[in-house]
Structures are given as C-alpha cells and as structure tokens.
Amino acid sequence: MNNNSLENLIKECRAQNRKAQEEIYLQYSSILFSTCLRYADSYEEAQDNFQEGFVLIFNKIDQFKFKGSFEGWMIRIMINLSLGKMKKRNRISFEDYENHLSIDESDDDVEIEQNYSYDQLLEVIQSLSPQYRQVFNLFVFEEYSHQEIAELLNISVGTSKSNLSKARKILKSKLLKSVFENEQI
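Remember, predicted model here, so these are calculated numbers, not experimental data. (Residues numbered from 1 in each chain as written. Predicted model: local features only at pLDDT ≥ 70, side-chain atom pairs only at ≥ 80, totals over all residues. Heavy atoms only, no water.)

To continue, consider the overall build of the protein. Helix and strand counts for the protein come out as eight helices and zero strands. From first element to last, N terminus to C terminus, the protein shows the α and β order α-α-α-α-α-α-α-α. By sequence separation, contacts in the protein at least 24 residues apart represent 71% of the contacts at least 6 residues apart. Total accessible area computed for the protein in this model is approximately 11,000 Å², and 46% of it derives from carbon and sulfur atoms. (Helix = DSSP H or I, 4+ residues; strand = E, 2+ residues; numbered from the N terminus. Contact = heavy atoms within 4.5 Å. Areas by Shrake-Rupley, 256 points an atom, 1.4 Å probe, with all protein chains shown as cover.)

Next up on the list: the packing of helix α2 (residues 18-39) against helix α5 (residues 118-126). The N-to-C vectors of α2 and α5 enclose an angle of 40°; their axes lie 8 Å apart at closest approach. Contact residues: α2 offers S34, L37 and R38, while α5 offers Y118, L122, I125 and Q126. Its residues assigned to classes, the contact of α2 with α5 shows four nonpolar, two polar and one charged. (Axes fitted to C-alpha atoms, helices over the stretch in contact; angles between N-to-C directions. Nonpolar A, V, L, I, M, F, W, Y, C, P; charged D, E, K, R; others polar.)

The biggest cluster of nonpolar side chains holds 46 residues, and the ones touching the most others in it are I24, L32, F54, I57, F70, M74 and L138. Elements with a contribution of two residues or more to this core: α1 (3-14), α2, α3 (43-60), α4 (70-90), α5, α6 (130-141), α7 (146-153) and α8 (157-184). M74 has contacts with I24, Y28, L32 and I57, leaving out every residue within four places of it along the chain. (Core = buried A, V, L, I, M, F, W, Y, C linked by side-chain atoms within 4.5 Å. Buried < 20%, exposed > 50% of the residue type's maximum accessible area, 1.4 Å probe, protein only.)

Here the focus is the packing of aromatic side chains. Enumeration over the complete set of coordinates arrives at 12 aromatic pairs. For the ring pair F33 and Y43, a centre distance of 5.3 Å and an interplane angle of 75° mean the geometry is edge-to-face. Of this pair, F33 sits in helix α2 while Y43 sits in helix α3; the two residues are 10 residues apart in sequence, bridging distant segments of the chain. Judged by its relative accessible area of 16%, F33 falls in the buried class. Measuring from ring centre to ring centre gives 5.3 Å for F64 and F66, while their planes differ by 65°; the resulting arrangement is edge-to-face. By relative accessible area, F64 is classed as buried at 3%. (Phe/Tyr/Trp six-rings, centres within 6.5 Å; stacked < 30°, edge-to-face > 60°.)

You can see D48 is positioned in helix α3. Judged by relative accessible area, which is 44%, D48 ranks as partly exposed. Separated by 12 residues in sequence, D48 and C36 have C-alpha atoms that sit 9.0 Å apart.

In a structure, side chains of opposite charge can pair up when their charged atoms sit close to one another. Under the definition given, this model contains six salt bridges. The residue R38 makes a salt bridge to E142 at a minimum N-O spacing of 2.7 Å. Placement of R38 in helix α2 and of E142 in the loop between α6 and α7 is noted, with a sequence separation of 104 residues between them. The two residues R38 and E142 agree in class, both being buried. Residues K85 and E52 are paired through a salt bridge, measuring 3.1 Å at the closest nitrogen-oxygen approach. Pair noted here: K85 is in helix α4 and E52 is in helix α3, with a separation of 33 residues, a long-range link. Owing to a relative accessible area of 27%, K85 belongs among the partly exposed residues under this scheme. (Salt bridge = Lys/Arg side-chain N within 4 Å of Asp/Glu carboxyl O.)

Structure representation (structure tokens):
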C-alpha cells in the first residue's frame, strides 16, 4: 500500500467510514494480534486486548500526526493497553537487582541450533513471569532500549537488564530442555 492510499484510509477512518476501518483492520490485524499474544497470559486475553485495542485505535486515530509509521503507532497502542491491563490485574512489581546483582551476559552468546515454530516460541515466551515477559518482548520484539523500557515500566535500567538476562536464561533452558526431550523420543 502506498503512502497516499494509507493516508486516505486514515482520513476516511477519521470520518467514521466503516469500510475504511474494515480495510485497516484486515490489513493490520495479524501483526497487531501477534503483538497482543506476546503480552497476554492466554489466547482469550489476547483476543480481548486486540478488540479493545482496535476500538482505541479508531477512537484515537485523530491523534496520529502522519509522523513515523502508522503500524508502529498502532503497535504502541496495543502494547500500552496490554501492559496497562497486566499491571492492574497482577499488580506487577519488579525486583530491583541493580545494587546487588551482577549480570552475567556471557550466556547470552549461546546459540540454540533448532528451528521452532512461532507457536512453540510463543508458548515458551508466555510461560515467563509477566515481569520477564514484558522486558523481553519490549527489548527483543519492539527493539526498545533499556532506558526506554525503564521509563515505560517505571523501573531502573539495571532492573530492565536483569530481567532481560533472566528471561533469556529461562527461555534458553526451556528450549534446550525441549530439544533434549525430542531427541530422547
């Protein structure tokens, strides 16, 4: 889709044109639902966040200023909605390891030479605690810096780094375990 047709679609959505809204929905639903899945504890929760997120997108579409990516703007809405709901529900607290934990990043270079399906990876990511999952998703998939994550989640940069390191170690352990179990069969 070229920029002019996307810009026209957005303008039509601002005018409450249902056909334009449907077109935006159809074009971006898979990427936005995938984002919701990464931040949700279950498929049903992801569906709820996805639906609520699209309502927010169409209600706030006047706030999109045609600066930066429209897709990125929508993804940010989905992420913020998912994080906000998770914080309310779980009363998430991040442990601040900054002063008493040295992060050993040497294990981060270990490669797991195995092909996994998206569903397998998603299942392992969803098994992380909400704190670790949030930091992992924001850093790996959304490519936020530790400073940005710290500001978004109201934690220290050290806590962001610590949670990412722990999330990676847990994921590697679970993925290696699944490789080992598959080899035993």
